[in-house]
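Spelled out from the first residue to the last, the chains are:
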Amino acid sequence: MPLKNAIFWLIVGLVLLVGASRLLVWGAVTIAQAFGISDLVIGLTIVAVGTSLPELASSLMAIKKKEHDLALGNVLGSNLFNTLAVVGIAAGIAPLDVDPAVLSRDWSLMMGLTLLLLVMCLGRKGQG
């Protein structure tokens, strides 16, 4: 494929992927609010899925090409960046007022999921 065509399709794909994930989040949040679902549940489920769709698409393509390390690195890198940079920048702009119960619940859940991912990765490495 010529370079100009590849760049064109890359841009088209990125625009469609970002647009579709924004549309999904907007529609799902509107529906969830109509049903009276709390903002916390919406943020932990719908918004999280919608903002992770680009990473999911690239990870699925990496898995299809048998590049499992790239898929894992994409997920871990994206989560680390979102946790450290996005929250850090937001806190740098305006101090965050967070309920301690939210911090303890989210911290323990993230730690448990991270340890589960570590066990799964180590188990996979031992297989082969």
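Let me sum up the structure you'll find in this document.

Definitions and limits used
Each chain carries its own residue numbering, running from 1 in the written order of its sequence. Totals for whole chains, interfaces and linings use all residues, but because this is a predicted model, local features are given only for residues with pLDDT of at least 70 and pairs of side-chain atoms are given and counted only at 80 or more. The side-chain values count all of the structure's non-hydrogen atoms but skip hydrogen atoms and water molecules. In DSSP terms, a helix is any run of H or I states spanning at least four residues, a strand is any run of E spanning at least two, and both are numbered starting from the N terminus. Like-charged residues are merged into a patch within 9 Å and nonpolar side chains (Val, Leu, Ile, Met, Phe, Trp, Tyr) within 5 Å, provided each residue has over 30% relative accessible area and no salt bridge. Calculation of accessible area relied on Shrake-Rupley with a 1.4 Å probe; when residues are assessed, cover is drawn exclusively from the protein chains displayed. A carboxyl oxygen of Asp or Glu within 4 Å of a side-chain nitrogen of Lys or Arg is what we treat as a salt bridge. Between the rings of Phe, Tyr and Trp (Trp by its six-membered ring), a pair exists once the centres lie within 6.5 Å; its type follows the angle of the planes, with under 30 degrees stacked, over 60 edge-to-face, and the other angles tilted. Between buried and exposed lies partly exposed: a residue is buried under 20% and exposed over 50% of the maximum accessible area for its type, with that area taken using a 1.4 Å probe on protein chains only.

**Remarks on the environment of Ser-78**
In this structure, Ser-78 sits in helix H3 (residues 68-93). Placed 23 residues apart in sequence, Ser-78 and Glu-55 show a C-alpha to C-alpha distance of 7.4 Å.

**Quick word on a nonpolar patch on the surface**
Taken together, Trp-107, Met-111, Leu-115, Leu-118 and Leu-122 make up a surface patch of nonpolar side chains, about 540 Å² in accessible area. Summarising the element assignment, Leu-122 is placed in helix H4 (residues 100-127).

**Comments concerning the packing of aromatic side chains**
Within this structure, the stated rule accounts for one aromatic pair. Ring centres of Phe-8 and Trp-9 lie 5.0 Å apart, and the angle between their planes is 75 degrees; on these two criteria the pair is classed as edge-to-face. On the basis of relative accessible area, Phe-8 is assigned to the partly exposed category, the value being 46%. Its relative accessible area of 52% is what places Trp-9 among the exposed residues.

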